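The chain contents come next:
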Amino acid sequence: MNDSSVTLDSADAPAIAVNEPIISIDDLSFSYDLGKTNTLRNISLEIPAGKVTAFIGPSGCGKSTLLRCLNRMNDLVDTAKVTTGKISILGQDINAPDVEAIELRKHIGMVFQKYNPFPKSIYENVAYGLRVQGINSKSVLDQAVEESLQKSALWSEVKDRLNTSALGLSGGQQQRLCIARTIAVKPQIVLMDEPCSALDPIATARIEELIAELQQDFTIVIVTHNMQQATRVSDRTAFFYLGELIEYDETSTIFGNPKVKQTEDYVSGRFG
């Protein structure tokens, strides 16, 4: 990343230097059934600014649940709750009573496993979040739409059909459009929950290239079931198993010289 810091939009927000923790998770346990059974148990890790961090592990290990904790998407589940611990982003406890989930999500965007463009034009998909924030100036929207489509490597493919339905795009294009929609509101952090699992190899390669480009402007956390993808796109990797964090380190270490035998067994394909 070329910039030396990552900040919130507000003038009094702290500057976070690249490689410094932008997300701090301290002894987090989380339950979907009001504390009866913890899906996540005693998770502690720090995620550095300006880097790509991958969450890996077998299905049901808790990696997507943890990702959804980071922007409080789990608030949408009535019985879900943090049972212990704390998540701080840019120094703010995100579960504090005075933190609004909707406001939080302005700074933490999310790209889902299944591309989900709105049944609107390409232009209106990208402009949607800005309009929700009350921005309706055509010049501002035009600039934001073009910049976001440029950054998501889609502009050259759609610039002559911005007013046509987004549903007419290919699957890979729709996912890049969803990325453009996410970054249009200029979040500091982008969460990606298996963003390539529904895509063919060519579209997957394009998204992976895009992740490397977006790293220049955003901190990225990606959940992936594809270990080869984790090695290609991430700087750091966290391996989860049965709701616990087993090992967290530089990606090269996790895949080349893990310290925990369980990690070695997983990345070498002995289970999972």
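Calculation rules
- Sequence positions are assigned chain by chain, starting from 1 and proceeding in written order.
- Restriction of local features to residues with pLDDT of at least 70 applies here, the model being predicted, together with a cutoff of 80 or more for giving and counting side-chain atom pairs; totals for whole chains, interfaces and linings are based on all residues.
- Neither water nor hydrogens contribute to the side-chain values; these are computed over all heavy atoms in the structure.
- Segments assigned H or I by DSSP are reported as helices when at least four residues long, segments assigned E as strands when at least two residues long, and all are numbered from the N terminus.
- As a reference, a globule follows 2.2 Å times the number of residues to the power 0.38, and the radius of gyration itself is taken over C-alpha atoms.
- Here, residues are in contact when the closest pair of their heavy atoms is within 4.5 Å.
- Each accessible area value is a Shrake-Rupley result obtained with a 1.4 Å probe; residue values ignore everything except the protein chains displayed when judging cover.
- His is not counted, nor are the chain ends; Lys and Arg add positive charge and Asp and Glu add negative charge.
- Every charge is mapped to an atom, namely NZ of Lys, CZ of Arg, CG of Asp or CD of Glu.
- A pocket, in this scheme, is an open set of points on a 1 Å grid over the protein atoms alone with protein on both sides within 12 Å along at least 5 of 7 lines, while a cavity is a set where a 1.4 Å probe fits but cannot get out; residues line either one if an atom lies within 4 Å of a point.
- Grid points are joined across faces, edges and corners, and a volume is the space filled by probe spheres set on the points.
- Gly falls in the polar group here, along with every residue not listed as nonpolar (Ala, Val, Leu, Ile, Met, Phe, Trp, Tyr, Cys, Pro) or charged (Asp, Glu, Lys, Arg).
- Pairing between two strands is assigned when DSSP locates at least 2 bridges connecting them.
- For the purposes of this section, nonpolar cores are sets of buried Ala, Val, Leu, Ile, Met, Phe, Trp, Tyr and Cys residues that join through side-chain atoms within 4.5 Å.
- Relative accessibility decides the category of a residue: with a 1.4 Å probe and only protein chains considered, values under 20% of the type maximum give buried, values over 50% give exposed, and everything between is partly exposed.
- Angular values range over 0 to 180 degrees, each being the angle between N-to-C directions of two axes fitted as lines to C-alpha atoms, with helices fitted over their stretch in contact.
- Should an angle fall under 35 degrees it is called roughly parallel, over 145 degrees roughly antiparallel, and 65 to 115 degrees roughly perpendicular, with every other angle called oblique.
- Left-handed describes a crossing whose near helix is turned anticlockwise from the far helix through less than a right angle; right-handed describes the clockwise counterpart.
- Surface patches are defined over residues having more than 30% relative accessible area and no salt bridge, joining like charges when they lie within 9 Å and nonpolar side chains (Val, Leu, Ile, Met, Phe, Trp, Tyr) when within 5 Å.
- Salt bridges are defined as contacts in which a side-chain nitrogen from Lys or Arg sits within 4 Å of a carboxyl oxygen from Asp or Glu.

Visitor: Any chance you could break down the overall build of the protein for me, citing the residues and the numbers?
Guide: Tallying secondary structure elements over the protein gives 10 helices and 12 strands in all. Compactness check: the protein gives a C-alpha radius of gyration of 18 Å against a globular reference of 19 Å for 272 residues, within 12% of the reference. Counting only C-alpha atoms and orienting by the principal axes, one finds that the protein spans roughly 55 × 45 × 40 Å. Within the protein, contacts between residues at least 6 apart in sequence are counted, and of these 67% link residues at least 24 apart. Roughly 12,500 Å² of accessible area belongs to the protein as shown, and the carbon and sulfur atoms make up 47% of that amount. Positive and negative charge centroids in the protein, built from 26 and 34 side chains respectively, lie 5 Å apart.

Visitor: Before we move on, could you go through the layout of surface pockets and cite the residues and values that matter?
Guide: Over the atoms rolls a probe the size of a water molecule, and in doing so it shows where empty space is left. The computed volume of the largest pocket comes to approximately 650 Å³. Along the wall of the largest pocket there are 20 residues; nearest its centre are Arg-105, Met-110, Tyr-128, Gly-129 and Val-185. Listed by contribution, the elements that provide at least two residues to the lining of the largest pocket are α2 (101-107), β8 (108-111), α3 (122-132) and α6 (171-183). With four residues, the single largest contributor to the lining of the largest pocket is β8. Broken down by class, the residue content of the lining of the largest pocket amounts to 11 nonpolar, six polar and three charged.

Visitor: Outline the pairing of strand β4 (residues 38-48), supporting the account with residue identities and numerical values.
Guide: Summarising the sheet, strand β3 (residues 21-31) and β4 pair through seven bridges and their orientation is antiparallel. Bridged to Ile-23 within β4 is Ile-47.

Visitor: Account for the nonpolar core, with residues named and values stated.
Guide: Of all hydrophobic cores here, the largest spans 35 residues; its most connected members are Ile-23, Ile-25, Leu-45, Phe-55, Leu-66 and Ile-87. When contributions to this core are tallied by element, the ones reaching two or more residues are β3, β4, α1 (63-70), β6 (81-89), β8, β9 (189-193), β10 (219-223) and β11 (236-241). Ranked by residues supplied to this core, first place goes to β3 with five residues. Setting aside residues no more than four positions away along its own chain, Ile-25 makes contact with Ile-43, Ser-44, Leu-45, Leu-66, Leu-70, Lys-86 and Ile-87. Among the nonpolar cores identified, the runner-up in size contains 29 residues, and Ala-203, Phe-218, Ile-246 and Tyr-266 belong to it.

Visitor: Before we move on, can you summarise the packing of α3 against helix α4 (residues 138-151) with the specific residues and values?
Guide: The N-to-C vectors of α3 and α4 enclose an angle of 115°; their axes lie 9 Å apart at closest approach. If you check the angle between α3 and α4, you find them roughly perpendicular. For the element pair α3 and α4, the recorded crossing hand is right-handed. Contact residues: α3 offers Ile-122, Tyr-123, Val-126, Ala-127, Leu-130 and Arg-131, while α4 offers Lys-138, Leu-141, Asp-142, Ala-144, Val-145, Ser-148 and Leu-149. Residue composition of the contact of α3 with α4, grouped by class: nine nonpolar, one polar and three charged.

Visitor: Could you give an account of the sheet that holds β6, naming the residues involved and the relevant values?
Guide: The four strands are arranged β4-β3-β6-β7 in an open sheet whose pairing can be described as antiparallel. The sheet is open, and its two edges are formed by β4 and β7 (92-93), each paired on a single side. Of the pairings in the sheet, the one linking β3 to β6 comprises seven bridges and is antiparallel in character. Along β6, the bridge assignment pairs Ile-25 with Ile-87.

Visitor: Before we move on, can you summarise a negative patch on the surface with the specific residues and values?
Guide: Together, Glu-20, Asp-26, Asp-27 and Glu-46 give the surface a local cluster of negative charge. On the secondary structure map, Asp-27 appears in strand β3. A residue is classified by how much of its surface remains accessible, and Asp-27, at 34% relative accessible area, is partly exposed.

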